[in-house]
Protein chains: 2
Amino acid sequence: MMEQLITDLAKHSLEASRFLATLPAEKKNDVLGTLADFLEANTDGILEENAKDLAEGEAKGLSNAMIDRLRFTPDRIKQMADGVRKIIDLPDPVGEVIEEHKHENGMILSKVRVPIGVIGIIFESRPNVTIDCAALCFKSGNAAILRGGSEAFHSNTILSNIISEALEANDIDPACVQMIPTTDRAATSVLLKLDQYINCIIPRGGEGLIRAVTQQATMPVIKHYKGVCSLFIEETAKPEMAVNVAINAKCQRPGVCNAIENLFVQASAAQTLLPEIAKELIAHKVELRAESKAKSILDKANIPCIEATEEDFFEEYIDLILSVGIVESTEEAIQQINKYGSGHSDAIVSENQKAAEKFLNGVDASTVYWNASTRFTDGYEFGLGAEIGISTDKLHARGPMGLRELTTYKFKVVGTGQIRS
Amino acid sequence: MMEQLITDLAKHSLEASRFLATLPAEKKNDVLGTLADFLEANTDGILEENAKDLAEGEAKGLSNAMIDRLRFTPDRIKQMADGVRKIIDLPDPVGEVIEEHKHENGMILSKVRVPIGVIGIIFESRPNVTIDCAALCFKSGNAAILRGGSEAFHSNTILSNIISEALEANDIDPACVQMIPTTDRAATSVLLKLDQYINCIIPRGGEGLIRAVTQQATMPVIKHYKGVCSLFIEETAKPEMAVNVAINAKCQRPGVCNAIENLFVQASAAQTLLPEIAKELIAHKVELRAESKAKSILDKANIPCIEATEEDFFEEYIDLILSVGIVESTEEAIQQINKYGSGHSDAIVSENQKAAEKFLNGVDASTVYWNASTRFTDGYEFGLGAEIGISTDKLHARGPMGLRELTTYKFKVVGTGQIRS
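Residues numbered from 1 in each chain as written. Chains lettered and ligands numbered in written order. Predicted model: local features only at pLDDT ≥ 70, side-chain atom pairs only at ≥ 80, totals over all residues. Heavy atoms only, no water.

Hey, could you run me through the overall build of chain A in this one?
Within chain A, the secondary structure is distributed over 14 helices and 16 strands. Its C-alpha atoms give chain A a radius of gyration of 24 Å, within 12% of the compact-globule value 22 Å for 421 residues. Taking the principal axes of the C-alpha coordinates as reference, chain A spans close to 70 × 70 × 35 Å. Taken over 421 residues, chain A has a buried fraction of 60%. Of the side chains in chain A, 43 bear a positive and 60 a negative charge, and the two mean positions are spaced by 3 Å. (Helix = DSSP H or I, 4+ residues; strand = E, 2+ residues; numbered from the N terminus. Rg over C-alpha atoms; globule rule 2.2 N^0.38 Å. Buried < 20%, exposed > 50% of the residue type's maximum accessible area, 1.4 Å probe, protein only. Lys, Arg positive; Asp, Glu negative; His and termini not counted. Charge placed at Lys NZ, Arg CZ, Asp CG, Glu CD.)

Have a look at this one:
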């Protein structure tokens, strides 16, 4: 039963994706405009369904943080609608000619951007992800299958219904965006084996969710994994810049994936630089977890810190906590970052171009910074527009994933009867 | 034991990949030059080891075709060495700046091509794949783990030893290219779970191998799946062009993946066009398997054919056999091709631009042709140089995969102390 239900749903998505692949940008934008309007017009209904999720969440004893992530307010609904309107303004990537090449026999080969096809999004908690992902997939010509967390089921259901209404109001097949209509976990397992219908899965959520999806899926998965980002202060760093970048990267918004969790300082300069930076971090209420060499420097300077375990350096705190280590060289910093980091965003502060280039080349991350804060890793900051996430994978897309990263390409070859000899 | 052996091997590959990622092109080319020379110099040794595989294969009762695929000759060894020399001449994709962008705060963002990291290649039969894949991975800065078929174990082992010697002769870590040193099947299962060390798996072989790899692998897989390619003769097709393209696409080299297996003719023109094409195909010794409507036309014209089953249209014959069907419209042709094809290469012959554009947009394949033979889908023909295969997947790389498709990118951001506000 369940297997049939999910298989049929995925089949419809594939059919819808064939149609959606050639839908003109204006038509897609019409749908997005309708969706934004319908969201605002249905504010009361959304709040009502959301209240059910909140009540169930409280009864289940969800944490305040989780309840807050779950909660809609009129203002958050307005923001969600405005987010959809921003996607209207972004250029449609479909049809873009990436390269063109004339074969010596006269054939014209063009490499043209096309939608991926059917994308499955598996996500937790925040129900606004339903709308963000649906709008981005739709604008890039992909059919979307959405599988939200059970704790947001009522909210996700009404949002999914509003999307269907917006599609139907524009005479578009509602199978272009479908939600899995059950909280049964078996549905996800079925979904992850349907590689004949689903071209790609994007999981968004905690480590457990991502591991489970990766283990089970038989189609490609693009992971939006944790952000264990590091900052390395090389011996030639200007002290003021080192302090500013460290404070910004850790404290400006500690709950996001491009905030740093690890700080490494080169030994030769640590006696002066580390206390200077640490004092400012403490003033910003950051808890420092220092490995032994760093701890002895901080102790001598009377700066409070606790002793770090090795596990701390793998940790994504998403909070005002920072692991601190001392390294002998840029090479050692690169090694440590490649060992503990999640390949998201890492920075060096240095006035030595050779060291900086070594770092930029040697650190294996989606984004590497020289004398700038890691906090810039973001679709808007990179000029890509709204993002569906930040890929910590290396295949297909790496770093911020915007509309263009939700496409693939095909080769179109136009001839006059050419045959191969 | 096995698990430890394979895990250690993969760990070494990851370490080697960090080093290889920044190796200059000249140094990589030196290794490839040495490799080509060592291959020729070791011709006798290779033939000796190959003879062991051939003897075992004959004892096991392998087919003549398989024995031929397995066999080295002095000439084939020379060709293999020349293939490596051709890769020396290709530009190194690593370090290429794909895009550059200045942030309004003055930071320079560049999107730079970098190696993927560690690539596992799982392949069957032809031992020359060992050298092709090793050379392409190495030139693109990737560490390679090679897992060949057990029937070519002796040949693969000596080739792998020659690669190690070529690396060592240039003072390069031999872990840059490693072969799984056992025919135990359990080794593959271990390998496919090591996503912390291996970034990507490329299986090359039959359907069974590819399915098994896709089911088990926890890292991304780029499939080089079967080529069920189709040709559609639209009603406005010039008869002579239709015949030429059909003959070339089917008969010029029937054993390759870009040869056609299905022919569809539009009903309105089938009475004249189909017999004309079919006569020529028969003259080229092609067996025709026709669905009922096509069969009745061929029967009337006294052209020999057998009745096709639906399964025939899914079949990759790789032989002088062709399934033939009649469709009412271009839309139906698109539907049939999307249903039966493997997303490799499909062509339309037509003088009607609207129909052709519908076909090029609607057929979901790596390469779509208008008035040209499907036989052109190939790295050299597309200007990519030597290819590691032809991807029938849609993520990361689609169609012929050359050196550039063996890379990913990272963002390098260079600032002067910028922080996010």
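Sorry if this is basic, but what is going on with the interface of chain A and chain B here?
A common measure of how large an interface is: the accessible area buried when the components associate. Between chain A and chain B, the residue contacts involve 69 residues of the former and 69 residues of the latter. Across the chain A/chain B interface, buried area totals approximately 6000 Å², and carbon plus sulfur atoms make up 51% of it. The largest per-residue losses of area from chain A upon contact with chain B belong to Leu-395, Phe-411 and Arg-420 of chain A, which jointly make up 14% of the total buried on that side. Between chain A and chain B we count eight salt bridges in total. Across the pair Glu-99 of chain B and Arg-404 of chain A runs a salt bridge, and its minimum N-O distance is 2.8 Å. At the junction of chain A and chain B, the tally comes to 47 residue pairs in polar contact (both at pLDDT 80 or more). If you list the elements that add at least two residues to the side of chain A that touches chain B, you get strand 1 (97–102), strand 2 (108–115), helix 9 (207–216), helix 10 (239–251), helix 14 (353–362), strand 13 (367–372) and strand 16 (407–418) of chain A. Of all the elements, strand 16 of chain A adds the most residues to the side of chain A that touches chain B, at 11 residues. The residue inventory of the side of chain A that touches chain B, partitioned by class, reads 27 nonpolar, 28 polar and 14 charged. (Contact = heavy atoms within 4.5 Å. Buried area = accessible area lost by both parts, 1.4 Å probe. Salt bridge = Lys/Arg side-chain N within 4 Å of Asp/Glu carboxyl O. Polar contact = N/O pair within 3.5 Å; in protein donor to acceptor, adjacent residues only side chain to side chain. Nonpolar A, V, L, I, M, F, W, Y, C, P; charged D, E, K, R; others polar.)

Sorry if this is basic, but what is going on with empty space enclosed by the protein here?
Gaps between atoms show up when a probe of the same size as a water molecule is rolled over them. Counted by the stated rule, this structure contains four cavities of 30 Å³ or more. Within this model, the largest cavity holds a volume of roughly 150 Å³. What lines the largest cavity is a set of 14 residues, and nearest its centre among them are Met-219, Pro-220 and Val-221 of chain A together with Met-219 and Pro-220 of chain B. Each residue belonging to the lining of the largest cavity can be placed in one class, and the counts come to eight nonpolar, four polar and two charged. Space inside the second largest cavity adds up to approximately 100 Å³. (1 Å grid on protein atoms, 1.4 Å probe; cavity = no way out; pocket = protein on both sides within 12 Å on 5 of 7 lines; lining within 4 Å. Points joined across faces, edges and corners; volume = space filled by probe spheres on them.)

How do you make sense of the relation of the copies chain A and chain B when you look at a structure like this?
Copy one and copy two of the chain differ by a rotation about an axis and a translation along that axis. Overlay of chain A on chain B (RMSD 0.0 Å): rotation 180°, translation along the axis 0.0 Å. The transformation just described matches what one would write down for a two-fold rotation axis. Every residue of chain A has its C-alpha some distance from the rotation axis, and the shortest such distance is that of His-396 of chain A, at 1.8 Å. With an isologous cut-off of 70% or more, the 100% of interface residues of chain A that recur at the interface of chain B puts this contact in the isologous class. (Least-squares fit on C-alpha atoms with pLDDT ≥ 70 in both.)

Sorry, what's going on with unusual backbone geometry here?
Outside of glycine, negative phi angles account for most residues, and trans bonds account for most peptide bonds. All names here are of chain A. Of note in the backbone geometry, Asp-171 takes a positive phi value of approximately 60° without being a glycine. Its location among the elements puts Asp-171 in the loop between helix 7 (153–169) and strand 5 (177–179). Look at Asp-171 and you get exposed, because its relative accessible area is 73%. Residues other than glycine seldom take positive phi values, yet Asn-371 does so here, at roughly 60°. Within the secondary structure layout, Asn-371 lies in strand 13.

Any chance you could explain the side chain of Asn-50 of chain A here in plain terms?
Residues and elements named next belong to chain A. Among the secondary structure elements, Asn-50 is positioned in helix 3 (residues 43–60). A polar contact of 3.0 Å, which involves the side chain of Asn-50, links it to the side chain of Ser-155. Among residues more than four places away in sequence, those in contact with Asn-50 are Leu-70, Arg-71, Phe-72 and Ser-155.

Can you walk me through helix 11 (residues 267–283) of chain A in this structure?
Every α-helix winds through 3.6 residues per turn, so residues three or four apart in the chain are directed the same way. Residue and element names in this part refer to chain A. The end-to-end C-alpha distance of helix 11, which contains 17 residues, comes to 23 Å, matching closely the 24 Å that a straight helix rising 1.5 Å per residue would cover. The largest bend along helix 11 measures about 45° and falls at Leu-273, with the proline Pro-275 one to four residues further on. Just beyond helix 11, the residue with positive phi is Lys-285, at close to 70°. (Expected span 1.5 Å × (residues − 1). Bend = angle between axes of the 7 residues up to and from the residue.)

How do you make sense of the environment of Ser-323 of chain B when you look at a structure like this?
Residue and element names in this part refer to chain B. Locating Ser-323 in the fold gives a position in strand 11 (residues 321–327). Taking the C-alpha atoms as reference points, Ser-323 and Lys-139, separated by 184 residues in sequence, lie 41 Å from one another. Leaving out residues up to four positions away in the same chain, Ser-323 has contacts with Glu-261, Asn-262, Leu-263, Arg-289, Asp-312, Phe-313 and Tyr-317. Side-chain polar atoms of Ser-323 contact the backbone oxygen of Asp-312, separated by 3.2 Å.

For this particular structure, what's the right way to read the sheet that holds strand 9 (residues 287–290) of chain A?
Strands in a sheet are paired, the pairing made by backbone hydrogen bonds, and the direction either parallel or antiparallel. Sheet architecture is open: 10 strands sit in the order 10(A)-9(A)-11(A)-8(A)-7(A)-12(A)-13(A)-16(B)-2(B)-1(B), paired in mixed fashion. Because the sheet does not close on itself, it has two edges, and the strands there are strand 10 (306–307) of chain A together with strand 1 (97–102) of chain B. The sheet contact formed by strand 7 (residues 229–233) of chain A and strand 8 (residues 260–266) of chain A spans five bridges and is parallel. Each residue of the ladder has a partner; that of Ile-233 of chain A, found in strand 8 of chain A, is Val-265 of chain A. The strands touched by helix 11 of chain A are strand 7, strand 8, strand 9 and strand 11 (321–327) of chain A; relative to strand 8 of chain A, the strand with the most contacts, the crossing angle is about 145°. (Pairing = 2+ DSSP bridges. Axes fitted to C-alpha atoms, helices over the stretch in contact; angles between N-to-C directions.)

I tried to follow the packing of aromatic side chains on my own but got confused; where do I start?
Working definition: an aromatic ring pair is given by the centre-to-centre distance plus the angle between the planes. Here the structure, examined in full by the defined rule, presents 12 aromatic pairs over all chains. For the ring pair Phe-264 of chain B and Phe-313 of chain B, a centre distance of 5.8 Å and an interplane angle of 20° mean the geometry is stacked. Within this pair, whereas Phe-264 of chain B is found in strand 8 (residues 260–266), its partner Phe-313 of chain B is found in the loop between strand 10 (306–307) and strand 11, the two being separated by 49 residues in sequence. The residues Phe-264 of chain B and Phe-313 of chain B share a single accessibility class, namely buried. Through a chain of ring-to-ring contacts, the aromatic side chains of Phe-264, Phe-313, Phe-314 and Tyr-340 of chain A assemble into a single cluster. (Phe/Tyr/Trp six-rings, centres within 6.5 Å; stacked < 30°, edge-to-face > 60°.)

Even after reading the chapter, I still don't get the nonpolar core, so can you show me in this structure?
As a rule of thumb, soluble globular proteins bury nonpolar side chains together. One finds Leu-39, Ile-233, Leu-263, Leu-274 and Leu-288 of chain A to be the most contacted residues of the largest nonpolar core, which totals 95 residues. Among all residues touching Leu-39 of chain A, those that are not within four sequence positions of it are Ile-46, Ile-77, Met-80, Ala-81, Val-84, Ile-131, Leu-159 and Ile-162 of chain A. (Core = buried A, V, L, I, M, F, W, Y, C linked by side-chain atoms within 4.5 Å.)

Any chance you could explain the pairing of strand 7 (residues 229–233) of chain B here in plain terms?
Residues and elements named next belong to chain B. Most of strand 7 is tucked away: five of the five residues are buried. Residues of strand 7 alternate between two faces, with Cys-229, Leu-231 and Ile-233 on one and Ser-230 and Phe-232 on the opposite face, all of them buried. Handedness of the strand 7-helix 10 (residues 239–251)-strand 8 crossover: right-handed. Pairing analysis gives four bridges linking strand 7 to strand 12 (residues 345–349), with the strands arranged parallel. From the neighbouring strand, Ser-230 faces strand 12, where its bridge partner is Asp-346. (Right-handed = clockwise from strand over helix to strand, strands pointing away.)

Would you mind going over the sheet that holds strand 8 of chain B with me for this structure?
Pairing in this open sheet of 10 strands is mixed, and the strands run 1(A)-2(A)-16(A)-13(B)-12(B)-7(B)-8(B)-11(B)-9(B)-10(B) from one edge to the other. Since the sheet does not close on itself, it has two edges, and those belong to strand 1 of chain A together with strand 10 of chain B, each with one partner. Judged from the two bridges that link them, strand 9 (residues 287–290) of chain B and strand 10 of chain B form a sheet pairing that is parallel. Of the residues in strand 10 of chain B, the one forming a bridge with Arg-289 of chain B is Ile-306 of chain B. Docked against the sheet, helix 11 (residues 267–283) of chain B engages strand 7, strand 8, strand 9 and strand 11 of chain B, running at close to 145° with respect to strand 8 of chain B. Sheet contacts for helix 13 (residues 330–340) of chain B: strand 7, strand 8, strand 11 and strand 12 of chain B; angle to strand 8 of chain B, the most-contacted strand, approximately 160°.

What exactly am I supposed to notice about a negative patch on the surface here?
All names here are of chain A. A grouping of Glu-15, Glu-165, Glu-168 and Asp-173 is seen on the molecular surface, where their side chains present a negatively charged patch. Tracing the backbone through its elements, the reader meets Asp-173 in the loop between helix 7 and strand 5. A relative accessible area of 35% places Asp-173 in the partly exposed class. (Patch = residues over 30% accessible without salt bridge, like charges linked within 9 Å, V, L, I, M, F, W, Y side chains within 5 Å. Areas by Shrake-Rupley, 256 points an atom, 1.4 Å probe, with all protein chains shown as cover.)

Would you explain helix 13 of chain B in this entry?
Residues of helix 13 of chain B that are buried: Thr-330, Ala-333, Ile-334, Gln-336, Ile-337, Asn-338 and Tyr-340 of chain B. Residues of helix 13 of chain B that are buried in the fold lie against helix 1 (2–20) of chain A together with strand 7, strand 8, strand 11, strand 12 and helix 14 (353–362) of chain B.

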